[in-house]
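Notes for the structure review
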Amino acid sequence: MITSVYQQPLDKWFSEFLPGKDGENLTFEPEDLPEDFRNRPFHFDDISVNPTSEKYEHSEKDLYSLLCPVIQNAFDLAAYKSAGDPEYDALLIKDTDSARETRGQIAEYVAEVLSRQHRQFTFAFYIYRNLARLFVVDRVATVTTPPFDYVKDPKTLLKFFYRLAQADGVAQGYDPTVTLAPSAHLPTLREHMAKDHGPIETLIHDAMDDALLYGASSIWPLYTVEVHDDESDEKSYFLIGKPRTSCPSMFGRATKGFIAFDLVQHDFVWLKDSWRLASQRYHPEWEVYRKLNAKGVKNIATMRCGGDVHAPKLQCTRTQEAITDHSLKSRIHCRLVINEIGRPLGTYETSYDLIFIIACAFKAHSQAWEMAEVLHRDISDNNVLIIQEKIDGKYEIRGILIDWDLCKYKKQLEEDRVATNDNQSGTWQFISALRLQYPRKFCELADDIESFFHLITWCALRYHQHSLLGKPRALTMHVNDMFLDCATSPEGLLYGCEEKFRLMTGSKPGFKILHDETFKDVINKLLRICQSHYRSLDWDDLRRFQAASIREAQEEKKSQAQTTSTTSHRRRLQKGLSGMPEGTVSDDDEPDNLNTEQIGRPKLASHKYFFRVLDDAIRTNDGWDLEPKQLGRDNFADLLDLNFTVGRLRVTGTTQSNMTSSQRRKRSAPVHTSRKIRKTGTCRHAVSMGRMEASLTARSEEDAN
């Protein structure tokens, strides 16, 4: 069982995470209480539990009415007093369906708290009948106490609330570098919001309006946030409201993105708040941006400031220090501010726009590798943004590649080639087929280039007309098998998406683009490049990166599939059936000229083949469907229920039909809001040649040769 929940004895848990004020350890007996509190109940005698019965003696609502008054007494006592002023156990977490469901529900609630509040960590408690547990959660793990009987012995639960009430904000887990914004800042903010901000005006109002309308009572109040710049050692201050993006997971980088107002320069910028891994193997993103800018890499964000969060000590996670699982590494709280506020990739209007935007990001990726020796390693729909810039009175689009916090330098990648890797990095849908089937394989340039193909295919399926529309079962299965399928090996390795692997090794695409011949042609040409590369691979050498258990499972699955296929074919012949089942493709879906003269060449070892296809496509006027796709349209809204969370890896693109129960209940105030972008005169097919040259520049020297 893979878990991020660890148990500690009660005394050690309190000592580590909630030690109390001045070592005080109340018994909550009358003789130990101030006189004004001796007649108040500090027990749970009114709660009755029959340990031999599965039935509850109290409803959940009734239980609250019995718990809350006693807990409030503990809070009142703490306020009154303040005014006067073992080793890590073997894991004892059940691994049953009901236990996992309960942990999932707790995780939803805790993740929501961490998403909406500015915290370093948070406390929680769980009550089941007469038993309770206490939790502390940060971005690495959860540390819990053993279950204890709070009815027979109320002191432990009361001590928890008493000490929590006495603790200051930092001890309670709050981040002191984020404070409620003083009203003195509001006139300046309103003045600058009233100006014309062009394409991003809707985004700015979406981030700030609720706070300005409801003030401190808003569910997204205005905060002042401090950003420390690592290079200059100076501090800058920004106003933030509702997050534009937020990670639904409790653990990991936990990235939040805000449209922020700079209190000195008086303009709107993008502020990224995250928890980076404390490892020399990973580079702080502000360091990467400085490296890329120094080398003149185009189509990336412009960094304003960035650094780790100090308050005044460096903000780091703590749970990894309390347990003996040495595989868990500390995380450091950090912030980055960039000048550009971009639109999500999914808001592009035409297939031509999509390919142009992807080409811009691809050029950034190419220059980062060739000029700065930096590999991005997380190509995804979230990490390619649409920037609209006013040129000669007209807004024109450009794509930029962002989020470089998982990147590695070329020297590191060469070191990785001699070692095996037990951790995947990136966004699951877009990770290369090879890395998903050989999860110990090192990441290399070819994997990133292939990810651009999967990104284009994902957008084609999600936003365009294709042969699987109107077939929800076929579309669901195809999306799952190509992008979401995930299994865990006995060694704890994540692997999956065999359909993606079959496509890369020569099978036919599972869908066909309709009414857009040039777009279809681009996808087919890129696919041929990928398939040619896969035919050049040394499969015997790759076996060392594949766990034996995964190989055995795949061989068994392949054998079963062959048997099923043979039986199905015989039945079809016997019944005289013709045609194909829903979701399959016809022969004309296969890209032509698969057996080219250059078959078997490692074409993903260089950017030049992909870039040639993208560059040729955006320079042609023929065959494009220039009708804008319907804004807000999402073909994935019709998918049947799928789990869009894969291990600890984030899976973007969740639609309403795939929300968790708590997410459905809170749709009125979503964290992941994506309003329709009003039209602002964005050029569609007619991207100016000068603008295209500025974004893409000429083909690389390598391509020219």
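Everything that follows concerns the structure shown earlier in this document.
Let me begin by describing the structure that accompanies this report.

The rules we used
Residues numbered from 1 in each chain as written. Predicted model: local features only at pLDDT ≥ 70, side-chain atom pairs only at ≥ 80, totals over all residues. Heavy atoms only, no water. Phe/Tyr/Trp six-rings, centres within 6.5 Å; stacked < 30°, edge-to-face > 60°. Helix = DSSP H or I, 4+ residues; strand = E, 2+ residues; numbered from the N terminus. Buried < 20%, exposed > 50% of the residue type's maximum accessible area, 1.4 Å probe, protein only. Lys NZ or Arg CZ within 6 Å of the ring centre and 35° of its normal. Contact = heavy atoms within 4.5 Å. Pairing = 2+ DSSP bridges. Axes fitted to C-alpha atoms, helices over the stretch in contact; angles between N-to-C directions. Salt bridge = Lys/Arg side-chain N within 4 Å of Asp/Glu carboxyl O. Core = buried A, V, L, I, M, F, W, Y, C linked by side-chain atoms within 4.5 Å.

1. Observations concerning the packing of aromatic side chains
- Taken as a whole and judged by the stated rule, the model has 27 aromatic pairs.
- When the centroid spacing of 6.3 Å and the interplanar angle of 40° are considered together, the rings of Tyr-438 and Trp-539 count as tilted. Highlighted residues: Tyr-438 in the loop between helix 10 (433-437) and helix 11 (445-463) and Trp-539 in helix 15 (residues 539-542), separated in sequence by 101 residues.
- Judged by relative accessible area, Tyr-438 falls into the buried class, the value being 8%.
- Three or more aromatic residues link up through ring pairs in this structure, and these residues are Trp-13, Phe-14, Phe-17, Phe-75, Phe-121, Phe-123, Phe-125, Phe-160 and Phe-161.
- Here Lys-291 stacks its cationic end above the ring of Tyr-409, 4.8 Å away from the centre of that ring.
- The ring of Phe-442 carries Lys-441 above its face, with NZ or CZ at 5.0 Å from the centroid.

2. What to know about the environment of Leu-33
- With respect to the element layout, Leu-33 can be found in the loop between helix 1 (10-17) and helix 2 (60-83).
- Residue classification places Leu-33 among the buried positions, given a relative accessible area of 5%.
- Every residue in contact with Leu-33, bar those within four places of it in the chain, is listed here: Phe-28, Arg-38, Phe-42 and Leu-77.

3. Some points on the sheet that holds strand 17 (residues 394-401)
- Read across the open sheet, the three strands follow the order 14-16-17; overall the sheet is antiparallel. In this open sheet, the two strands that pair with only one neighbour each are strand 14 (343-344) and strand 17.
- Bridge count between strand 14 and strand 16 (residues 384-391): two bridges; the pairing is antiparallel. Paired with Pro-344 across the two strands is Leu-385, which belongs to strand 16.
- Sheet strands touched by helix 8 (residues 351-372): strand 16 and strand 17. Its angle to strand 17, the strand with the most contacts, is close to 45°.

4. Some words on the pattern of salt bridges
- Evaluation of the coordinates by the stated rule reveals 28 salt bridges.
- In this structure, Arg-502 and Glu-498 form a salt bridge, with 3.7 Å as the shortest nitrogen-oxygen distance. Within this pair, Arg-502 and its partner Glu-498 are both found in helix 13 (residues 498-504), separated by four residues, close to a single helical turn.
- Among the residues examined, Arg-502 registers a relative accessible area of 39% and is labelled partly exposed.
- Put simply, Arg-253, Lys-272, Glu-285, Asp-378, Asp-403 and Asp-405 are held in one network by salt bridges that share partners.

5. Focus on the nonpolar core
- Ranked by size, the top nonpolar core spans 110 residues in total, and within it Trp-404 and Phe-610 carry the most contacts.
- Ranked by the residues each element gives to this core, the list is headed by helix 8, at 14 residues.
- Residue contacts for Trp-404: discarding those within four places in its chain leaves Glu-285, Val-288, Tyr-289, Leu-292, Ile-300, Ala-364, Ala-368, Val-374 and His-376.
- Listed in part, the 40 residues of the second largest apolar core include Phe-14, Ile-71, Leu-134 and Leu-328.

6. Regarding unusual backbone geometry
- In the segment running from Ala-311 into Pro-312, the intervening peptide bond is cis, with an omega of -15°.
- Following the sequence through the fold, Pro-312 ends up in the loop between strand 12 (303-308) and strand 13 (331-338).
- Even without being a glycine, Phe-28 presents a positive backbone phi close to 65°.
- The residue Phe-28 is located in the loop between helix 1 and helix 2 in this model.
- In this model, Glu-373 sits at a positive phi of 55°, which is unusual for a non-glycine residue.

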